[in-house]
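Here is what each chain is made of, one letter per residue.
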Amino acid sequence: MIARRGLLAGIAGIAMTTGAAWGQAPAASPPAAGQQTVRVWNFSDYIAPAVLEDFERETGIRVVYDTFDSMEVVETRMLAGRTGYDVVVVTASFLPRQIPLNIYQPLDTARLPNLRHQWPAISERITRYDPGNRFAVNYMWGTTGIGYNVAAVRQRLGADARVDSWRVIFDPNTLRRYQDCGIHGLDAVEELFPAALNFLGLDPNSKREADLRRAAELLRSISPFIRKFHSSEYINALATGEICLAVGYSGDILQARKRAREAAEGTGRPAIEIEYAIPNEGALMWFDNFVIPRDAPNADAAHRFIDFMLRPENAARNVIQTEFASGNLAAQRTIPPAILGDGRIYPPEATMRRLYTITPFDDRTQRLVNRWWTAVKARRAIN
């Protein structure tokens, strides 16, 4: 299942506000008598701690902030019911099979005046998953592409070499050239199968068994060269030079670049240069969204929290912290030009046209691709 977000420097600030530890559920102190609380469940390290602090100061509502690393965990708990959460961040591709199960309550738009700042182009794309945008409002979005060590690429392909094609990953003869310096892949069926389908010239959203088998066989052909499949270890591994190539999420790769630069400060040595590429063939565009569980204990506080996050200045602060793009159009007025003009975070229109979206597999197909994915990681035959 999809999992993303690395450990951001400075996330320890959340502990002061909510009691959250590194990527773990917080051991929050109990609220004062009569004090309202809002319980939030989000991907680990995916918000600016100061924004949470400001919400508490302004509203008097205590934030209890828990984190997860996988949508699989979220889906299992949401389907079981009685989560105790008021706001949950959910990846859009899971919504089509979750919304019909009546686990979310419709958003009360009258209590979300800052919805007017949302980016119509992003909201329109999300209608594929949530018709009419009734249950979900976008928080962040991004792409899945290739992170790489610039020096390692130049060493193998020449001083003017660029990584601009999925061929670097899906052509075994090209990929083997990086095996000695280390390659990581995402442990995510919903990311790599569509990428493989797209590279093969097939519909990345295909549910045809024959197409998916071809994707599985392509993934199996490159698996001997990949050191590890996982969800987030590639961030530090790229930043420290442990690996030189990874399939990963846009903001995570840019965080690796930031960490590499910070590690070199004051040492007198140059930083490891990390870059992120959206391949020319296109890439997956994903959307993470706020939803309110049907049985949320405090739906009013949930709406106030979401509306606070939709204020343009707060959305911008979260972009600056995470280096993921926001579905808030008005936030762009206060996002620094270095971020807003970075095509790896906010791709230009020509690149946007090459980005694709996906919908969930049905249960039978999910079991099939899961079995094949297990074979890919174990380097066994696809059968």
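Preceding this paragraph is the structure being described.
Just so it is clear, the structure is predicted and the values come from calculations on it, not from any experiment. (Residues numbered from 1 in each chain as written. Predicted model: local features only at pLDDT ≥ 70, side-chain atom pairs only at ≥ 80, totals over all residues. Heavy atoms only, no water.)

1. Looking at the overall build of the chain
Then comes step 1: Along the chain, the regular secondary structure elements total 17 helices and 11 strands.
Then comes step 2: A buried classification covers 60% of the 383 residues belonging to the chain.
Then comes step 3: Across the chain, the fraction of contacts at a sequence separation of at least 24, relative to all contacts at a separation of at least 6, is 77%.
Then comes step 4: Element-wise, carbon and sulfur atoms account for 49% of the exposed surface of the chain, whose accessible area totals about 15,200 Å². (Helix = DSSP H or I, 4+ residues; strand = E, 2+ residues; numbered from the N terminus. Buried < 20%, exposed > 50% of the residue type's maximum accessible area, 1.4 Å probe, protein only. Contact = heavy atoms within 4.5 Å. Areas by Shrake-Rupley, 256 points an atom, 1.4 Å probe, with all protein chains shown as cover.)

2. Some points on the nonpolar core
General note: in soluble globular proteins, nonpolar side chains tend to be found buried as a group.
Then comes step 1: The biggest cluster of nonpolar side chains holds 131 residues, and the ones touching the most others in it are Phe 170, Phe 193, Leu 245 and Phe 305.
Then comes step 2: Not counting chain neighbours up to four residues away, the residues in contact with Leu 245 comprise Ile 146, Gly 147, Tyr 148, Val 168, Ile 169, Leu 175, Tyr 178, Gly 182, Ile 183, His 184 and Leu 238. (Core = buried A, V, L, I, M, F, W, Y, C linked by side-chain atoms within 4.5 Å.)

3. Considering the packing of helix H10 (residues 209-222) against helix H17 (residues 363-378)
Then comes step 1: Viewed as axis vectors pointing N to C, H10 and H17 meet at an angle of 15°, and their least axial separation amounts to 9 Å. When the interaxial angle is binned, H10 and H17 end up roughly parallel. Once H10 is placed against H17, the crossing between them reads as right-handed. Facing H10, whose interface residues are Glu 209, Leu 212, Arg 213, Ala 216, Leu 219 and Arg 220, H17 presents Arg 364, Thr 365, Leu 368, Val 369, Trp 372, Trp 373, Ala 375 and Val 376.
Then comes step 2: The residue inventory of the contact of H10 with H17, partitioned by class, reads nine nonpolar, one polar and four charged. (Axes fitted to C-alpha atoms, helices over the stretch in contact; angles between N-to-C directions. Parallel < 35°, antiparallel > 145°, perpendicular 65-115°, else oblique. Left-handed = near helix turned anticlockwise from the far one by under 90°. Nonpolar A, V, L, I, M, F, W, Y, C, P; charged D, E, K, R; others polar.)

4. Quick look at the packing of helix H2 (residues 49-59) against helix H14 (residues 312-322)
Then comes step 1: Two numbers describe how H2 lies on H14: the axes approach to 9 Å, and their chain directions differ by 150°. When the axes of H2 and H14 are compared, the pair comes out roughly antiparallel. Facing H2, whose interface residues are Pro 49, Ala 50, Val 51 and Asp 54, H14 presents Asn 314, Arg 317, Asn 318 and Gln 321.
Then comes step 2: Across the contact of H2 with H14, the residue classes tally to three nonpolar, three polar and two charged.

5. Here we look at the state of the cysteines
Then comes step 1: In this structure the tally under the stated criterion is one disulfide.
Then comes step 2: Here Cys 181 connects covalently by a disulfide to Cys 244, the sulfurs 1.8 Å from one another. Around the S-S axis, the bridge from Cys 181 to Cys 244 shows a dihedral of about 50° and counts as right-handed. One end of the pair, Cys 181, is in the loop between helix H8 (172-175) and strand S5 (183-186); the other, Cys 244, is in the loop between helix H11 (234-240) and strand S7 (245-249), with 63 residues separating them in the sequence.
Then comes step 3: The exposure class assigned to Cys 181 is buried, which follows from its relative accessible area of 16%. (Disulfide = S-S within 2.5 Å.)

6. Regarding the packing of aromatic side chains
Then comes step 1: Going through the model one piece at a time under the given rule, you end up with 20 aromatic pairs.
Then comes step 2: Ring centres of Tyr 46 and Phe 324 lie 5.5 Å apart, and the angle between their planes is 85°; this geometry places the pair in the edge-to-face category. Placement of the pair is Tyr 46 in the loop between strand S1 (37-43) and H2 and Phe 324 in the loop between H14 and strand S10 (325-326), with a sequence separation of 278 residues.
Then comes step 3: Residues Phe 193 and Trp 373 carry aromatic rings whose centres are separated by 6.4 Å and whose planes lie at 70° to one another, so their mutual orientation is edge-to-face. Pair noted here: Phe 193 is in helix H9 (residues 189-199) and Trp 373 is in helix H17, with a separation of 180 residues, a long-range link.
Then comes step 4: A cation over a ring is seen here: Arg 77 above Trp 41, with NZ or CZ 5.3 Å from the ring centre. (Phe/Tyr/Trp six-rings, centres within 6.5 Å; stacked < 30°, edge-to-face > 60°. Lys NZ or Arg CZ within 6 Å of the ring centre and 35° of its normal.)

7. Digging into the pattern of salt bridges
Then comes step 1: What the rule picks out here adds up to 16 salt bridges.
Then comes step 2: Across the pair Arg 311 and Glu 58 runs a salt bridge, and its minimum N-O distance is 2.4 Å. Of this pair, Arg 311 sits in the loop between helix H13 (299-309) and H14 while Glu 58 sits in helix H2; the two residues are 253 residues apart in sequence, bridging distant segments of the chain.
Then comes step 3: Judged by its relative accessible area of 23%, Arg 311 falls in the partly exposed class. (Salt bridge = Lys/Arg side-chain N within 4 Å of Asp/Glu carboxyl O.)

8. Here's the deal with the pairing of S7
Then comes step 1: Summarising burial for S7: five of the five residues are buried, a large majority.
Then comes step 2: Bridge count for strand S4 (residues 137-149) against S7 is five bridges, and the pairing is antiparallel. Each residue of the ladder has a partner; that of Gly 147, found in S7, is Ala 246.
Then comes step 3: Note: S5 against S7, two bridges, orientation parallel. Residue pairing across strands places His 184 opposite Ala 246, the latter belonging to S7. (Pairing = 2+ DSSP bridges.)

9. Topic: unusual backbone geometry
Then comes step 1: Here Arg 82, not a glycine, exhibits a phi torsion of approximately 55°, which is positive.
Then comes step 2: Note on Arg 82: relative accessible area 79%, which makes it exposed.
Then comes step 3: You will see that Asn 102, though not glycine, has its phi angle at about 65°, which is positive.
Then comes step 4: Structurally, Asn 102 can be placed in the loop between helix H4 (95-98) and helix H5 (120-126).
Then comes step 5: Exposure remark for Asn 102: the relative accessible area of 45% places this residue in the partly exposed category.

10. As for the side chain of Asp 307
Then comes step 1: Position of Asp 307 among the secondary structure elements: in helix H13.
Then comes step 2: No salt bridge forms around the buried Asp 307; measuring N to O, its nearest opposite-charge neighbour Arg 311 is 5.6 Å away. (Lys, Arg positive; Asp, Glu negative; His and termini not counted.)

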